[in-house]
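Each chain is listed here by its residues.
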Amino acid sequence: MRKTARKSRPVVRLAIVGAGGMANTHAKAFQAIPGCELAAVVEIAPARRETFAKTHGISAAFAGVTELLKSAPVDAVSVVTPDAYHMRPSRSSACGQACT
Ligand SMILES: NC(=O)c1ccc[n+]([C@@H]2O[C@H](COP(=O)([O-])OP(=O)(O)OC[C@H]3O[C@@H](n4cnc5c(N)ncnc54)[C@H](O)[C@@H]3O)[C@@H](O)[C@H]2O)c1
């Protein structure tokens, strides 16, 4: 976690993985939490990835968790992929690197 310069409130930098219908609800909920910064989105579909980033004002967008972990320092991930595709991005995020 980081601290803002103005106040010493901790900032949690969060990435959303999977930018489908439910992710929009997650994004709005997380952005309403003081100290939570929506820092990145990971989505395999390029058009959806770009639209989601633009809609929610997210500056970093990636096609996979591996790219996220290499490029963007985040404190937490919210995995909102379909049920059958939760495990790999969750494990990779927990490991801090690609896990099979
Ligand atoms: N609690 C609730 O009320 C509620 C309601 C709806 C859905 N859900 C859950 O939310 C999750 C997502 O549902 P949804 O309706 O948003 O699904 P969705 O199909 O609309 O969106 C899923 C997105 O994940 C992307 N994706 C798939 N694999 C990926 C990967 N490896 N890396 C990055 N992106 C990937 C897809 O391209 C898609 O854009 C599911 O687990 C579902 O059960 C919960």
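This is a predicted model, so every value here is computed, not measured.

1. Section: the overall build of the protein
Right, on to step 1. Tallying secondary structure elements over the protein gives four helices and five strands in all.
Right, on to step 2. From first element to last, N terminus to C terminus, the protein shows the α and β order β-β-α-β-α-β-α-β-α.
Right, on to step 3. Counting only residues that meet the buried cut, the protein has 29% of its 100 residues in that class.
Right, on to step 4. The long-range fraction of contacts in the protein, counting pairs at least 24 apart against all pairs at least 6 apart in sequence, stands at 56%.

2. Observations concerning the site of the ligand
Right, on to step 1. The environment of the ligand is made up of 18 residues, and the closest members are Gly18, Gly20, Gly21, Met22 and Thr81.
Right, on to step 2. By residue number, the principal contributor to the shell around the ligand is helix α1 (residues 21-31), which donates three residues.
Right, on to step 3. Considering only residue class, the shell around the ligand consists of 11 nonpolar, four polar and three charged.

3. Some thoughts on the confidence of the model for the protein
Right, on to step 1. Confidence in the prediction for the protein averages 90 pLDDT; 88% of positions are at 70 or higher.
Right, on to step 2. Mean pLDDT values for the elements of the protein range from 64 in strand β1 (residues 2-3) up to 98 in helix α2 (residues 46-56).

4. Points about the pairing of strand β2 (residues 10-17)
Right, on to step 1. Here six bridges tie β2 to strand β3 (residues 36-42), and the two strands are oriented parallel to one another. Of the residues in β3, the one forming a bridge with Val12 is Cys36.
Right, on to step 2. Considered for its hand, the β-α-β crossover made up of β2, α1 and β3 is right-handed.
Right, on to step 3. Across four bridges, β2 lies against strand β5 (residues 76-79) in parallel orientation.

5. Focus: the environment of Pro34
Right, on to step 1. Its place among the elements puts Pro34 in the loop between α1 and β3.
Right, on to step 2. Judged by C-beta crowding, with 7 C-beta atoms within 10 Å, Pro34 ranks as exposed.

6. As for the environment of Thr81
Right, on to step 1. Mapped onto the fold, Thr81 is located in the loop between β5 and α4 (87-95).
Right, on to step 2. Each C-alpha atom of the pair Thr81 and Ala19 lies 7.6 Å from the other, and the pair is 62 residues apart in sequence.
Right, on to step 3. Look past the residues within four positions of Thr81 in its chain and what remains in contact with it is Val17, Gly18, His86 and Pro89.

7. What about α4?
Along an α-helix, residues three or four apart share an orientation, since each turn contains 3.6 residues.
Right, on to step 1. Pro89, Ser92 and Ser93 are the residues of α4 that are buried. Mapping the buried residues of α4 onto a view down its axis gives an arc of 100 degrees, with all of them on the same face. Residues of α4 that are exposed and point over 90 degrees away from its buried face: Met87, Ala94 and Cys95.
Right, on to step 2. One or two positions beyond α4, positive phi appears at Gly96, with a value near 80 degrees.

Rules behind the numbers
- Residues numbered from 1 in each chain as written.
- Predicted model: local features only at pLDDT ≥ 70, side-chain atom pairs only at ≥ 80, totals over all residues.
- Helix = DSSP H or I, 4+ residues; strand = E, 2+ residues; numbered from the N terminus.
- Buried ≥ 20, exposed ≤ 12 C-beta atoms within 10 Å, placed from the backbone.
- Contact = placed C-beta atoms within 7 Å.
- Near = placed C-beta within 6 Å.
- Nonpolar A, V, L, I, M, F, W, Y, C, P; charged D, E, K, R; others polar.
- pLDDT = per-residue confidence, 0-100.
- Pairing = 2+ DSSP bridges.
- Right-handed = clockwise from strand over helix to strand, strands pointing away.
- Arc of directions from axis to C-beta.

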